[in-house]
Amino acid sequence: MNRSTMVSSAQTRIRTDPFSNDCTLVARELGRGKFAVVKKCIDKSTGKEYAAKFLRKRRKGEDCRLDIINEIAILEIAKFSPHVVDLHEVYETASEIILVLEYAAGGEIFHQCVAHHDEAFTEKDVIRLLRQILNGVSYLHENNVVHLDLKPQNILLTSSNPLGDIRIVDFGLSRQVDSVKEVREILGTPEYVAPEILNYEPISTATAIWSIGVLTYVMLTGDSTFLGGDKQETFLNISQLNVHYGPDVFEGITDLAVDFIKSLLIKNPRKRAKVEQCLRHPWLCPSTDLAKPLKEADLEESESEPTDAVASDELVLMASYTVHCPCRQLESLDNRETDLKVVRSLQFPALQEIQQELVC
Ligand SMILES: Nc1ncnc2c1ncn2[C@@H]1O[C@H](COP(=O)(O)OP(=O)(O)OP(=O)(O)O)[C@@H](O)[C@H]1O
């Protein structure tokens, strides 16, 4: 049976001495997810600031320690990428694993995505930050790691004013993929999931490229590309590629930026730009000879890649959804929930036939 390829062992020493011996928690909570809370802390011996991510080992009655080991192992694989958050220490208690991470003081780029005018990103900002995101993702893809939850809440900044550098976080849904045995799962956040996920097709590194297309759209416009009135409508918008590229949304934004997004938001994952092609797009590197527009011919080369290697009856589908607020429409960042019911009620025939499990 082909299941998601989780990395099952990590090198980092898991400490069982009390976290509080070495670190002092600072009152401020930095963020919170479904099964984790992230708090700022200070290393007592060095005075350095870190972000401590407290992950519950038991979730919905199941032991999910291995999922956390997978997250640690992927952070280890990515440790030489300057744009992936650094893992400093790991502690374990009876109920939790604590990841002591590099502190990204600028917070989520989400805030600038939903900000108005002065505080919103300029196109120049987006170009610089996107190059860093793509470099981080390129490093992951070179190591056959696919993030699967790229969204503005998981892209952090080292500082917000002046605008610092990118740190990618939250590898809880990340998987190692190999090009032959591709992974088939439903993972991710509704507005950012790729059509192949909804169509019950294999997940590959191209799945993350789709999310970067959505991310770019959001960073430039502040609008959520596919967001519908409810999750069902969002999924329909994705599967029908209902993207609005009108001048009302893209006012003052260059045609090259729109061309870039269009080369990522392609329904067929094999025709979608690869990360290296994204980095060579003239919008992102206008001065090099390599900078030629991504036309169909450039993308066709991927057509010869191996096709589905797994029979559909061997599949186990896992669904994990986070709903977050529509950009520039809701103010609360805490409107997040996990909900599989909507998936069951979707109009997609394939989805209705699938047995679903919740990713812990
Ligand atoms: N290294 C860090 N520095 C500063 N803030 C951080 C850091 N890591 C995480 N955060 C904040 O905490 C939030 C939650 O972290 P993270 O996404 O890793 O948790 P999670 O439980 O896995 O979330 P989710 O349920 O959305 O997958 C982030 O969106 C961010 O705002």
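No experiment lies behind these values; they were computed from the predicted model shown.

Trainee: Please clarify how the sheet that holds strand E11 (residues 155-157) should be interpreted in this entry.
Mentor: Pairing between the strands of a sheet comes from backbone hydrogen bonds, and it takes one of two forms, parallel or antiparallel. The sheet built from three strands is open, its strands ordered E9-E11-E12 with antiparallel pairing. Each edge of the sheet is formed by a strand with only one pairing partner; in this case those strands are strand E9 (107-108) and strand E12 (166-168). Relative to E11, E9 runs antiparallel, the two being bridged by two bridges. What sits directly across from Glu108, in E11, is Leu156. With respect to the sheet, helix H4 (residues 123-142) is in contact with E11 and E12, its orientation differing from that of E12 by roughly 35°.

Trainee: Can you walk me through the packing of helix H6 (residues 205-221) against helix H8 (residues 255-264) in this structure?
Mentor: The axes of two packed helices give the description: the angle between them and the distance between them. The geometry of H6 relative to H8 is characterised by a closest axis approach of 8 Å and an angle of 150° between their N-to-C directions. Considering their axes alone, H6 and H8 lie roughly antiparallel with respect to each other. Here H6 and H8 pass one another in a crossing that is left-handed. Where H6 approaches H8, its residues Ile209, Trp210, Ile212, Gly213, Thr216, Tyr217 and Leu220 are matched on the opposing element by Ala257, Phe260, Ile261 and Leu264. Of the residues contributing to the contact of H6 with H8, the split by class is nine nonpolar, two polar and no charged.

Trainee: Help me understand H4 in this model?
Mentor: Taking 1.5 Å of rise per residue, 20 residues should cover 28 Å, and H4 covers 28 Å from first to last C-alpha, within 8% of that figure. All of the buried residues in H4 are Glu123, Val126, Leu129, Leu130, Gln132, Ile133, Leu134, Gly136, Val137, Ser138, Leu140 and His141. In the core, the buried residues of H4 are packed alongside strand E10 (145-146), E11, E12, H6, H8 and helix H9 (275-279). Just downstream of H4, Asn144 is the residue with a positive phi angle, here 55°.

Trainee: Explain the site of the ligand here, please?
Mentor: Lys53, Glu102, Glu108, Gln153 and Asp170 are the nearest of the 21 residues found near the ligand. Interatomic distance of 2.5 Å between a side-chain N/O atom of Glu108 and an oxygen atom of the ligand. Contact between the ligand and Gln153: an oxygen atom at 2.8 Å from a main-chain N or O atom of the residue. Starting from 620 Å² of accessible surface for the ligand in isolation, the protein chains cover 95%. Listing elements by their share of the shell around the ligand, those giving two or more residues are strand E2 (23-32), strand E3 (36-43), strand E4 (49-56) and strand E8 (96-102). In terms of residues, the shell around the ligand owes the most to one element, E2, which gives three residues. Of the residues contributing to the shell around the ligand, the split by class is nine nonpolar, four polar and eight charged.

Trainee: So what exactly am I meant to see when it comes to the sheet that holds strand E7 (residues 87-92) here?
Mentor: Taken together, six strands build an open sheet; the order of strands is E1-E7-E8-E4-E3-E2 and the sheet is mixed. For this open sheet the edge positions go to strand E1 (14-15) and E2, each flanked by a neighbour on one side alone. Here E7 runs beside E8; their pairing, made up of five bridges, is antiparallel. Within the sheet, the bridge partner assigned to Glu92 lies in E8 and is Ile97. Against the sheet, helix H2 (residues 65-77) contacts E1, E4, E7 and E8, and its axis sits at roughly 15° relative to E8.

Trainee: I tried to follow the pairing of E2 on my own but got confused; where do I start?
Mentor: Two faces, one strand: in a regular strand the side chains alternate between the faces of the sheet. Where E2 and E3 come together, six bridges link them in antiparallel fashion. Considered in E3, the bridge of Cys23 is made with Asp43. Taken together, E2 and the strand that follows it, E3, pair antiparallel across an intervening segment of three residues.

Trainee: Got a minute to help me understand the nonpolar core in this structure?
Mentor: Side chains of nonpolar character tend, in soluble globular proteins, to be buried together. Counting 78 residues, the largest nonpolar core has Ile109, Leu134, Met219 and Phe260 as its most contacted members. Of the residues forming this core, the biggest block, ten residues, is contributed by H6. Once you skip the residues sitting within four places of it in the chain, Leu134 turns out to touch Ile212, Phe260, Val275, Cys278, Leu279 and Leu284. Of all hydrophobic cores here, the second largest spans ten residues; its members include Val37, Cys41, Ile98 and Val100.

Trainee: I'm lost on the UniProt feature "binding site: ATP" (unreviewed entry) in the protein in this one. Help?
Mentor: Per the UniProt entry, the sites bearing "binding site: ATP" (unreviewed entry) are Lys53 in this numbering. Looking at the element boundaries, Lys53 is found in strand E4. Residues in contact with Lys53, not counting those within four places in the same chain, are Ala36, Val37, Val38, Glu71, Ile97, Ile98, Leu99, Leu101 and Asp170. Within the structure, Lys53 has its side chain in polar contact with the side chain of Glu71 (distance 2.8 Å).

Trainee: Would you mind going over H8 with me for this structure?
Mentor: Residues spaced three or four apart along an α-helix point in a common direction, a consequence of the helix completing one turn every 3.6 residues. The complete set of buried residues in H8 reads Ala257, Val258, Phe260, Ile261, Ser263 and Leu264. Looking at the packing, one finds that the buried side of H8 touches H4, H6 and H9.

Trainee: Sorry if this is basic, but what is going on with the confidence of the model for the protein here?
Mentor: Low-pLDDT stretches of the model should not have their predicted coordinates read in fine detail. The predicted model of the protein averages 80 in pLDDT, with 76% of residues at 70 or higher. Contacts from residues 289-360, a stretch scored under 50 in pLDDT, to residues over four places away or in other chains number 179 contacts. Here the complex is predicted with pTM 0.80, and the ipTM for its interfaces comes to 0.97.

Procedures and definitions
Residues numbered from 1 in each chain as written. Predicted model: local features only at pLDDT ≥ 70, side-chain atom pairs only at ≥ 80, totals over all residues. Heavy atoms only, no water. Pairing = 2+ DSSP bridges. Helix = DSSP H or I, 4+ residues; strand = E, 2+ residues; numbered from the N terminus. Contact = heavy atoms within 4.5 Å. Axes fitted to C-alpha atoms, helices over the stretch in contact; angles between N-to-C directions. Parallel < 35°, antiparallel > 145°, perpendicular 65-115°, else oblique. Left-handed = near helix turned anticlockwise from the far one by under 90°. Nonpolar A, V, L, I, M, F, W, Y, C, P; charged D, E, K, R; others polar. Expected span 1.5 Å × (residues − 1). Buried < 20%, exposed > 50% of the residue type's maximum accessible area, 1.4 Å probe, protein only. Near = heavy atom within 4 Å. Polar contact = N/O pair within 3.5 Å; in protein donor to acceptor, adjacent residues only side chain to side chain. Areas by Shrake-Rupley, 256 points an atom, 1.4 Å probe, with all protein chains shown as cover. Core = buried A, V, L, I, M, F, W, Y, C linked by side-chain atoms within 4.5 Å. UniProt positions renumbered as here; feature names shortened; annotations may be inferred. pLDDT = per-residue confidence, 0-100.

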